[in-house]
Amino acid sequence: MARVVWAETALRDLESIAEYVELDNPEAAKRLVRRAFEKTDQLENFPESGPRPRVLKGTPYRRLISKPLLIYYRIEDDLALIIHIVKEERKLDLARIVENDK
C-alpha cells in the first residue's frame, strides 16, 4: 500500500487548469478536480497502475490519464509522488516534470 503525496507544483498545476476551466464552466472545473483526486487515490492500492509512456522509458516517471488531464508521478518506497499535471493537448515536456520533482 502506498501513500499518495502531492508536490506543491502539481497542486498549482491542477489549480491553474481548474481556474481556466472555471471561467466557462464552474461545475466542470469542480468535476475535473474531483476526478483528478479520485484517479490518484487508486495509487494507494495500485501504485504501479500508471504505465510509463514510451518517452518516459528509462525514467522513474509514470502517467495516469484523467481526461483531459495527464497526471505524472513516480514511486518512491511506499509513496506515490504526484509531480506534474498538464492538459492532454499540451506537448510533453520532460524537463518540466524533472524540474517539478526537485
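Conventions used here
Residues numbered from 1 in each chain as written. Predicted model: local features only at pLDDT ≥ 70, side-chain atom pairs only at ≥ 80, totals over all residues. Heavy atoms only, no water. Helix = DSSP H or I, 4+ residues; strand = E, 2+ residues; numbered from the N terminus. Buried < 20%, exposed > 50% of the residue type's maximum accessible area, 1.4 Å probe, protein only. Contact = heavy atoms within 4.5 Å. Lys, Arg positive; Asp, Glu negative; His and termini not counted. Charge placed at Lys NZ, Arg CZ, Asp CG, Glu CD. Pairing = 2+ DSSP bridges. Axes fitted to C-alpha atoms, helices over the stretch in contact; angles between N-to-C directions. Core = buried A, V, L, I, M, F, W, Y, C linked by side-chain atoms within 4.5 Å.

Further remarks concern the overall build of the protein chain. Along its length, the protein chain carries three helices and four strands. Across the protein chain, helices and strands are ordered from the amino to the carboxyl terminus as β-α-α-β-β-β-α. The C-alpha extent of the protein chain, read off along each of the three principal axes, is 40 × 30 × 20 Å. For the protein chain, with 102 residues in total, the buried portion stands at 41%. Across the protein chain, contacts joining residues at least 24 apart in sequence account for 49% of those joining residues at least 6 apart. Averaging the positions of the 19 positive and the 19 negative side-chain charges in the protein chain gives two centres separated by 6 Å.

Between Lys 67 and the following residue, Pro 68, the backbone shows a cis peptide bond with an omega angle of 5 degrees. Topologically, Pro 68 is positioned in the loop between strand 2 (61-66) and strand 3 (69-76). A positive phi angle, near 55 degrees, is found at Asp 77, a position not held by glycine.

Our focus in this paragraph is the sheet that holds strand 1 (residues 3-6). Taken together, the four strands give an open sheet; going across it, the order is 1-4-3-2, and neighbouring strands pair in mixed fashion. Each edge of the open sheet carries a strand with a single partner, namely strand 1 and strand 2. Each adjacent strand pair in this sheet contributes to an overall mean axis angle of 35 degrees, direction not counted. Along the sheet face, helix 1 (residues 8-24) touches strand 1, strand 3 and strand 4 (79-87) and points at about 30 degrees away from the line of strand 4. Most of the contacts of helix 2 (residues 26-41) go to strand 2, to which it runs at about 135 degrees, and overall it touches strand 1, strand 2, strand 3 and strand 4.

Attention now moves to the nonpolar core. Counting residues in hydrophobic clusters, the biggest one holds 19 residues, and the most contacted among them are Trp 6, Leu 14, Leu 43, Leu 69, Ile 71, Ile 82 and Ile 85. Elements with a minimum of two residues in this core: strand 1, helix 1, helix 2, strand 3 and strand 4. Those residues in contact with Leu 69 that sit more than four places away from it in its chain are Leu 14, Ile 17, Leu 32, Ala 36, Leu 64, Ile 85, Val 86 and Lys 87.

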